[in-house]
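Summary of structural features
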Amino acid sequence: IWKELEESYRKILTVPSFNAWIEQAKPISLIDGQLTIEVPSTLHKEYWEKNLSTKIVETGFKLTGEEITPIFIIQNEQISQQLVEPREEFIIPELTRENSRKALLNPKYTFDTFVIGKGNQMAHAAALVVAEDPGSTYNPLFFYGGVGLGKTHLMHAIGHQMLLNNPNAKVKYVSSETFANDFINSIQNRTSENFRQEYRNVDLLLVDDIQFFADKEGTQEEFFHTFNSLYNDGRQIVLTSDRLPNEIPKLQERLVSRFAWGLSVDITPPDLETRIAILRKKADAERLEIPDDTLSYIAGQIDSNIRELEGALVRVQAYATMNSQDITTSLAADSLKTLRPIGQKNQLSILTIQEEVCDYYHIQLKDLKGKKRVKTIVLPRQIAMYLSRELTDNSLPKIGAEFGGKDHTTVIHSHEKIQQLIENDPSIQKEVGEIKNRLIS
Ligand code: ADP
Ligand code: MG
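Definitions and cut-offs
- Residues numbered from 1 in each chain as written.
- Chains lettered and ligands numbered in written order.
- Predicted model: local features only at pLDDT ≥ 70, side-chain atom pairs only at ≥ 80, totals over all residues.
- Heavy atoms only, no water.
- UniProt positions renumbered as here; feature names shortened; annotations may be inferred.
- Pairing = 2+ DSSP bridges.
- Helix = DSSP H or I, 4+ residues; strand = E, 2+ residues; numbered from the N terminus.
- Axes fitted to C-alpha atoms, helices over the stretch in contact; angles between N-to-C directions.
- Right-handed = clockwise from strand over helix to strand, strands pointing away.
- Salt bridge = Lys/Arg side-chain N within 4 Å of Asp/Glu carboxyl O.
- Buried < 20%, exposed > 50% of the residue type's maximum accessible area, 1.4 Å probe, protein only.
- Near = heavy atom within 4 Å.
- Polar contact = N/O pair within 3.5 Å; in protein donor to acceptor, adjacent residues only side chain to side chain.
- Areas by Shrake-Rupley, 256 points an atom, 1.4 Å probe, with all protein chains shown as cover.
- Nonpolar A, V, L, I, M, F, W, Y, C, P; charged D, E, K, R; others polar.
- Phe/Tyr/Trp six-rings, centres within 6.5 Å; stacked < 30°, edge-to-face > 60°.
- Lys NZ or Arg CZ within 6 Å of the ring centre and 35° of its normal.
- Contact = heavy atoms within 4.5 Å.

Going by the annotation in an unreviewed UniProt entry, the name recorded for the protein is Chromosomal replication initiator protein DnaA, with Vagococcus allomyrinae given as the source organism. Checking UniProt for the protein, the heading Sequence similarities (unreviewed entry) contains the comment "Belongs to the DnaA family." Per its UniProt entry, the protein bears the Subcellular location (unreviewed entry) comment "Cytoplasm".

Looking now at the sheet that holds strand S4 (residues 141–144). Through backbone hydrogen bonds, the strands of a sheet pair up, either in parallel or in antiparallel fashion. Spatial strand order, S5-S6-S7-S4-S8: five strands in an open sheet with parallel pairing. Whereas interior strands pair on both sides, the edge strands pair on one side only; in this sheet they are strand S5 (171–175) and strand S8 (263–266). When strand polarity is set aside, the average angle formed by the axes of neighbouring strands in this sheet is 15 degrees. Sheet analysis places S5 next to strand S6 (residues 204–208), joined by five bridges and oriented parallel.

Pairing between strand S2 (residues 34–39) and strand S3 (residues 69–74): six bridges, direction parallel. Bridge pairing in S3 links leucine 35 to proline 70. In this view, the connection linking S2 to its parallel neighbour S3 by way of helix H3 (residues 42–64) has right-handed handedness.

Here we take up the pattern of salt bridges. The final tally for this structure, using the stated rule, is 22 salt bridges. Its salt-bridge partner being lysine 430, residue glutamate 434 comes within 3.4 Å of it at the nearest N-O pair. Of the two residues, glutamate 434 and lysine 430 are both situated in helix H21 (residues 426–440); the distance of four residues between them amounts to about one turn of the helix. Take glutamate 434: its relative accessible area is 32%, and that puts it in the partly exposed class. Connected via shared salt-bridge partners are Glu94, Arg97 and Arg101.

Here the focus is the environment of serine 330. Take serine 330: it is sitting in helix H14 (residues 329–336). Among the residues examined, serine 330 registers a relative accessible area of 52% and is labelled exposed. Considering only alpha carbons, one finds serine 330 and threonine 294, 36 residues apart in sequence, at a separation of 8.2 Å.

Another aspect to go through is the site of ligand 1. Among the 17 residues in the neighbourhood of ligand 1, the closest are listed as Val115, Gly148, Thr152, His153 and Arg307. Separating a nitrogen atom of ligand 1 from a backbone N or O atom of valine 115 is a distance of 2.8 Å. Compared with its free state, where it exposes 550 Å², ligand 1 has 92% of that area covered by protein. Among the elements of the structure, helix H6 (151–165) and helix H13 (306–322) are those that each provide at least two residues to the shell around ligand 1. Classifying every residue of the shell around ligand 1 by side-chain character gives seven nonpolar, seven polar and three charged.

Glancing now at the packing of aromatic side chains. Overall, the coordinates contain 19 aromatic pairs when judged by the stated rule. On the numbers, 5.5 Å between centres and 65 degrees between planes, the contact of phenylalanine 179 with phenylalanine 195 is edge-to-face. Of this pair, phenylalanine 179 sits in helix H7 (residues 176–188) while phenylalanine 195 is found in helix H8 (residues 192–200), placing the two residues 16 residues apart along the sequence. Looking at phenylalanine 195, the relative accessible area reads 6%, which means it is buried. Arranged with centres 6.2 Å apart and planes meeting at 70 degrees, the rings of phenylalanine 223 and phenylalanine 259 form a pair that is edge-to-face. Here phenylalanine 223, found in helix H9 (residues 217–232), pairs with phenylalanine 259, found in helix H10 (residues 253–259); they are 36 residues apart in sequence, far enough to count as distant. Comparing phenylalanine 223 with phenylalanine 259 shows no difference in burial state: the two are buried. An aromatic cluster is present here, built from Phe142, Phe179, Phe183, Phe195, Tyr199, Phe213, Phe223, Phe227, Tyr231, Phe259 and Trp261 joined pairwise through their rings. Here lysine 172 stacks its cationic end above the ring of tyrosine 199, 4.8 Å away from the centre of that ring. Positioned above the aromatic ring of phenylalanine 224 is the side chain of arginine 254, whose terminal nitrogen or guanidinium carbon lies 3.9 Å from the ring centre.

Another point: the UniProt feature "binding site: ATP" (unreviewed entry) in the protein. UniProt annotation of "binding site: ATP" (unreviewed entry) refers to Gly148, Gly150, Lys151 and Thr152 when read in the numbering used here. Residue placement: glycine 150 occurs in the loop between S4 and H6. Aside from chain neighbours lying at most four places away, what touches glycine 150 is Phe114 and Ile267. Structurally, threonine 152 can be placed in helix H6. Residue threonine 152 is classed as partly exposed on the basis of its relative accessible area of 23%. Residues contacting threonine 152, with those up to four places away along its chain left out, are Tyr109, Tyr173 and Asp208.

Let us now look at the sheet that holds strand S1 (residues 26–31). The sheet built from three strands is open, its strands ordered S1-S2-S3 with mixed pairing. Each having just a single partner strand, S1 and S3 make up the two edges of the open sheet. Ignoring strand direction, the axes of neighbouring strands in this sheet form an average angle of 25 degrees.

Below you can see the structure in the form of structure tokens.
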């Protein structure tokens with residue numbers, strides 16, 4: 001019965017939908033007319049119950065002549081990842097292509113290229129619901145999580161999929177900075193009417209990284225009205241941020257509460273298996289020949305950020321090309337050797353950092369840890385504190401103590417100061433970068 005069901009779902013669902021709902025579900029048993037199906041999350045369960053279970057009853061009756069009742073249970077031990085088999089290419093209509101371009105969507109960020117795994121399963125499922133049925137289920141849909149985990153990718157995928165289903169849909173993707181700039185320009189150029197037309201006359205509005213709305217009063221005000229207008233018209237809104245709305249400093253309460261009307265889903269770092277699957281998919285897409293153990297090795301070196309994971313693959317590839325060699329584990333090890341291996345964060349000591357900084361600036365350790373207020377000492381001291389905070393897991397008071405018993409607020413202050421300098425002063429940026437490189441290589 002499950003095979004039969006799969007076949008009939010394959011006919012009625014789009015490929016990404018099939019991957020999200022059917023491939024992630026597992027039939028467990030059929031006892032006394034009760035078909036138990038295991039699904040990954042409550043979101044999957046609700047979707048099955050609401051949209052997919054009539055098919056089970058229908059097909060079940062057709063095959064057995066009996067009434068089959070589906071029961072959904074949620075996996076507690078999440079299966080991490082099911083590799084999706086390559087499918088025959090399907091043709092994307094020209095109009096869809098053109099409108100995806102116009103909407104500024106990255107052609108590579110589709111559901112097709114997105115690897116589903118623990119950490120993003122729920123976000124992926126929610127993205128799909130919204131893409132297939134915009135404006136009616138989760139509005140707004142809010143993704144949050146650390147950098148390089150796929151928020152922007154999923155957001156673009158929603159746009160692509162919606163245009164695939166309806167090439168005439170109006171989709172608009174912007175970063176929160178672009179929204180803010182467009183708004184400010186519209187005031188300066190007295191083109192507010194155009195601005196409104198452009199932002200309120202869409203079926204899907206994607207606004208990326210809204211944590212940058214913090215501190216922008218006027219922009220928030222305008223976004224509030226844009227949001228209301230779209231929401232009232234039943235248009236879909238998708239937002240991303242590095243944290244939950246209520247954790248974004250200076251985000252107006254009324255925006256926070258509106259964002260809570262829909263669904264917020266977090267994306268967490270991928271586990272090893274998912275990282276391997278992502279690398280495999282990338283390698284296949286680029287037609288690179290890489291042995292499995294080498295992919296595992298690379299995936300084992302980079303444990304948090306998918307962008308860095310991709311960067312590592314590029315690096316290995318470049319290294320292989322340069323040396324005209326095949327990609328093997330030892331070649332990968334060579335080319336990644338300057339990257340900091342996992343866990344080394346703990347091993348780097350404050351003293352090592354202090355010594356390296358002293359060496360770099362030709363000053364004495366006792367001065368670095370002392371109280372002298374001359375500029376030639378103060379700056380290195382602050383840099384050393386900054387690096388201790390960035391590169392070790394030591395607490396602020398502990399770092400303060402290692403610098404001749406300074407208060408933890410001094411450490412915070414130094415850290416902020418250097419951070420600002422790095423952003424604004426290229427020579428400091430270079431110096432800190434060089435010290436850091438010495439420390440982690
Ligand atoms: P974020 O917006 O969360 O910072 P991005 O969406 O920009 O992250 O993702 C960073 C990179 O990692 C992109 O190149 C993206 O294609 C890739 N990526 C992220 N998640 C996945 C995934 N699940 N499968 C395949 N590629 C992914
Ligand atoms: Mg992003």
